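Structure assessment
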Amino acid sequence: MAIAPEMGSRMNLLNPSKQKNLSKQKSLNSKQESLSVQMQKWGGPPGLRLTPWSACSGLAKTLGTLTILALFSLTAAQADTWYVTIAGLGGEPEYEVRFAGWATDLDKSLRAIPGAQVNTYSGKQATKETLRKAFAEFTTKVKPDDNFAVILIGHGTFDNSEYKFNIPGPDLSATELAGWLDKIPATRQLVVNTTSAAGASISALQKANRTIIAATRNGTEKNATLFARYFVEAFRDPGADTDKNETLSALEAFKYADQKTVKFFETQKRLATEHAVMEDTGKGEAVRAPSAENGKGLAAARFPLMSLGNVQKFSAEKQKLVEQKQEFEGQIDKLKYEKAATPVDEYRKRLAQLLVQLAKIQEELEK
Amino acid sequence: MRFLTAALLFLSSCNYAATPPVRGPVATCEDHRKHGRREQATACYNKLVESKDAALIAEGFWGLKNYKAANDLFRKAVDAKPKDPEIRVRWGRMYLEHFQKSDAADLFAEALEINKDYAPAHLGLALVAADSFESKAVQQANEALKLDPTLVEAQELLARLALDEGNEILAGEEAARAEKLDPESLDALAIEATVFMLNDRDPAQFIDKILKINPTYGKAWSIAAHFFVINRRYEEGIKLYRKAIELDPDLLEAKSELAVNLMRLGHDVEAKKLLEECYEREYKNAATVNTLTLLDSYKNFEKYTTPATDIRLHKKESALLLLYFQPELERAIATYEKKYKMKLPGPVRLEVYPDHDDFAVRTMGLPGLGALGVTFGSVVAMDSPSGRKPGTFHWASTLWHELDHVFVLTATHHRVDRWFAEGMAMHEETANNPEWGDRFSVEGITAIRDKKLLPIATLNSGFVRPKYPAQVSVSYFQAGKICDYINERWGFDKLLEMMNGFNEKLTTEQIVEKKLGMKPEDFDKEFLAWLDKQVGKTVKNFEEWRGKLKQTVTLFKEKKYDEVIKQALAIQDLYPEYVEAGNTYEMLADSYLAKNDKESAITELNKYAKIGGRDREVLKKLGKLLEEKGNKKEAAAVYDRINYFYPMQDEDLHRKLGELWLEQNNNAGAVREFTAAVNSKPVDAAASWYNLARAQRASGNTAAAKESLVSALETAPGFRPAQKLLLELTDK
């Protein structure tokens, strides 16, 4: 309830002021809608479609996001994805069990991905020395075209100067981890830091072509987090693949985990003690809601965490259909980009027509 | 009770010299004001400001409404005379007038530290307590009178407190005592006039007297208005506030109250205008400021109307809640129309607040109300399920409760005792669905055990001025049980007869005698005997149950499941309505599951659900077990239960229920649930739209299905199942 104006304390008399605006929680939905719309704005000139190979050549930024994801689901098949999961110390039995459980669940999901290079370190095994050696070995095995993902599960601390991940023996600092990652040849890297105080690790880890997801927005959010639970769940829930391109991207997993975490606190009527953020440009602040406006999310959308389906290979005669399909996808992206400026009825009518055409082509492709 | 704080300033001067707080020079000013000589009063206060005594200057500024300067001067006065309790009390009275109860109470307490027998300080504490509807108001006022039998304000306050409790006879007696102390006691006369008005008698003898003393004493009408409002006679209360303002256009307190009550009845435009005037003129009490804030927030609400309903839902949840609130409100109206054999004169306005603080603004000034919902005439305001933790609030039960008030208030023209209105509403909650309503609580058990239930003749006081913290909730329970008892013994028509008794202006005692044919004390005896049969076993064995439950919880934590099963089954019947944390049903179900006995687990969880358990995770567990067993219809019913207390933030629930109903050819239900999933901010929006399209198609609404598919594919253009269905429907 807004507080009744008072004439002031007995020491200081203040003028009452009308409280017009009670703070209201911002609708998550609105953020998502914004993201959904803004993502389309990354699309290049209407109708422009590039082949998967040209997308790899660095022109991807001119593509619509949806197309990019489709293309990378293809490129992902040609490169390996490395997953390094580290579950740190729990400190208390409850957290030991929780962290080890999440790491085990994630390991299980990852090992089900064909060709995935899965490395999981948990409990006593996850010492700095063991990890140092493992990362040294990765530098010799990982190829530049590979994707390299590190997932930290556990407690983190921040002493106002440096973030540290709590593991048996000496803790692992963000700077040390960054140093190890810098030596990994994979140009596309992802760090998912799900620990408390994770936000404090971003500045040390930040680098071009490295996406960083943190469970907290800074080092002062020190409570044990829930983000990891939902991030792990994203690998098991087909619904996390929101654009249905059969690839779970880092962006989709981030959004999934964030949304579930927010809902948890809202439902429990508890003050949220963690606010996940992400940064994928190598510069600037991490953000809660990646969008074209803040320039974040593109690299995360391109990072394929898991493929949910088989990559289709088309005969030469069907290549024309593939081109037509891409043409329609481009038109749909263009229309969506123009949504705000188009009367609703007209927008829906044109969208329906294009979607029917796209569906028909897809049907032909599958014959 | 806000008007008292200011009203009490208008006291008879004849007592001031003998009884501080008001000093001689101040008394002269107050006497001018009391008699409506405003110019002289202003001149008098201005003269006080020129005094050399800090306390008198403070009084002068206070009289001129310059609170800031008065505050500074009172502080100086206290510094100069730290051992003078009178200055602190006067300072406190100014705070009270300025809506700062806490600061006022501190100063009264400080005065009592200086002199524990200082009557005006006790009176100050009585006023603070009265403003919060605390029962210690009477105690403090009596203490003040004991210390100073000439303290007319305390006597006036007692009159008012008696009327707050609906004790008109005592109120009249207390007012008469005040008049003996001061024949010009305006507030005492106003109380007597109010008693007459509440009973449709001409108050002229009192009003004429008041106006002779002060021709502009609009406050007399505003005092009366307050009592009409707390008796839920809003329309009449509004008329009286208008009279108050007519007599004294500067009576901002009455304007603010008028606005609040206009808003309660849905007259927002006039309310806002009045509140803005109050605000601009520096009348900024909590009601004014918060109600203005609330009015500002109305832009965030969506309005949905039908001939019988006018529903206001917050934009952020309107699409979801409308799915459930609209049909439930209409079902409740139809049910009550049959039961009460009447039609409402107009649509019911239902306001649902996701922010409990906004809702609380709606309930301000009403004692014991506002926990979950509140009714003003045909306007119902209530919490949204999103405003409370899941499982702690049953919105549908609350809706039926409040709507029952609309019918009872309409049928009785708002002339109904609080206990009866609440009792009927409580009765209807479980009459509609035994799983709804409140469970028999520990507070109820304790009250019965300690013989704290009130006689029916005085049950109203349990709502208005509770004497112990849980008395309001216990009174709700008791009133509900009384109506259950009458319904069971004499039938619902007898309840209608009693309701009409209030309409005939009979008192509760008269109604019991005339309609039930027995003396109220005999009714009490028979009711208690009936209640004992209902819950006596629980009351009698409560301590044993509590001790053994504790042991069972320990056994459960130790995973000694066989022992848990043995002990939990042994104590379950001692308190079957206990479904809160550590209840036997959950422990038994989990123990059975640990032993892989799913059938017994289902039995226990079914009992939990049917008795009114509202932990959605527990209910979901039951739903899942039933699904696994193949009892899909029962599983759907379990999931649907959750919708009636927390349909929010759970796309998974709506999806599951939608799938089950689609499978069972309940296509309309499936459409509702998949629509709910779409409106639950789903992570997987494309799949949610696709599911909705499937249900719409099954219900024959191809056009809607196609639209939903377009929405699905807008999010995920390559979503194959949606593409296939779109082509199928397009080809048709």
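Residues numbered from 1 in each chain as written. Chains lettered and ligands numbered in written order. Predicted model: local features only at pLDDT ≥ 70, side-chain atom pairs only at ≥ 80, totals over all residues. Heavy atoms only, no water.

**A look at the overall build of chain A**
Counting secondary structure elements, chain A contains 12 helices and 11 strands. The burial tally for chain A puts 52% of its 367 residues in the buried class. Surface summary for chain A: the accessible area is close to 16,700 Å², and the carbon and sulfur share equals 52%. (Helix = DSSP H or I, 4+ residues; strand = E, 2+ residues; numbered from the N terminus. Buried < 20%, exposed > 50% of the residue type's maximum accessible area, 1.4 Å probe, protein only. Areas by Shrake-Rupley, 256 points an atom, 1.4 Å probe, with all protein chains shown as cover.)

**Here's the deal with the packing of aromatic side chains**
Residue and element names in this part refer to chain B. Tallied over the full model, the rule gives 47 aromatic pairs over all chains. For the pair Y485 and W490, a centre-to-centre distance of 5.9 Å together with 75 degrees between the ring planes defines the contact as edge-to-face. On the accessibility criterion, Y485 (4% relative accessible area) is buried. Overall, the relative accessible area of 25% leaves W490 in the partly exposed class. Among the aromatic side chains, those forming a connected cluster through ring pairs are F325, Y336, Y340, W395, W400, F407, W436, F492 and Y644. Just above the ring of F393 sits the side chain of R388; from NZ or CZ to the centre is 5.9 Å. (Phe/Tyr/Trp six-rings, centres within 6.5 Å; stacked < 30°, edge-to-face > 60°. Lys NZ or Arg CZ within 6 Å of the ring centre and 35° of its normal.)

**Some points on helix 21 (residues 395-412) of chain B**
All names here are of chain B. Its 18 residues place the ends of helix 21 26 Å apart at the C-alpha level, agreeing with the 26 Å of an ideal helix rising 1.5 Å per residue. Burial analysis of helix 21 places 17 of its 18 residues in the buried class, the great majority of the element. Just past helix 21, the residue H413 takes up positive phi, approximately 55 degrees. (Expected span 1.5 Å × (residues − 1).)

**Quick look at the state of the cysteines**
Residues and elements named next belong to chain B. One pass over the full model with this rule turns up one disulfide over all chains. Here C29 connects covalently by a disulfide to C44, the sulfurs 2.0 Å from one another. One quick way to see it: the torsion about the S-S bond of C29 and C44 is about -75 degrees, and its sign makes the bridge left-handed. Of this pair, C29 sits in helix 2 (residues 24-34) while C44 sits in helix 3 (residues 38-49); the two residues are 15 residues apart in sequence, bridging distant segments of the chain. The residues C29 and C44 share a single accessibility class, namely buried. (Disulfide = S-S within 2.5 Å.)

**Here's the deal with the sheet that holds strand 6 (residues 172-173) of chain A**
Residue and element names in this part refer to chain A. If you walk across this open sheet you meet the three strands as 4-5-6, and the pairing is antiparallel. If you trace the sheet from one side to the other, it starts and ends with strand 4 (156-158) and strand 6, each paired once. Bridge count for strand 5 (residues 163-165) against strand 6 is two bridges, and the pairing is antiparallel. Residue pairing for strand 6: F165 is matched across the bridge by L172. (Pairing = 2+ DSSP bridges.)

**Some words on the confidence of the model for chain B**
All names here are of chain B. Per-residue confidence for chain B gives a mean pLDDT of 92; residues scoring 70 or more make up 95%. Contacts of residues 1-22 to residues separated by more than four positions or lying in other chains number 79 contacts, the stretch itself having pLDDT below 50. Counted against residues more than four places away or in other chains, residues 365-370, with its pLDDT under 50, gives 24 contacts. (pLDDT = per-residue confidence, 0-100. Contact = heavy atoms within 4.5 Å.)

**As for the pattern of salt bridges**
One pass over the structure, following the stated rule, counts 86 salt bridges over all chains. For K207(A), the salt bridge goes to D182(A), with nearest N and O atoms at 3.4 Å. You can see K207(A) sitting in the loop between helix 7 (202-205) and strand 8 (210-214) and its partner D182(A) sitting in helix 6 (residues 174-182), a full 25 residues away along the chain. The salt bridge involving K341(B) is made with D493(B); its shortest N-O contact spans 3.1 Å. Here K341(B), found in the loop between helix 19 (318-340) and strand 3 (348-353), pairs with D493(B), found in helix 26 (residues 492-503); they are 152 residues apart in sequence, far enough to count as distant. Look at K341(B) and you get exposed, because its relative accessible area is 58%. In this structure D493(B) comes out as partly exposed when scored by relative accessible area, which is 45%. One network of salt bridges, in which partners are shared, links R38(B), D248(B), D250(B), K255(B), E277(B) and R281(B). (Salt bridge = Lys/Arg side-chain N within 4 Å of Asp/Glu carboxyl O.)

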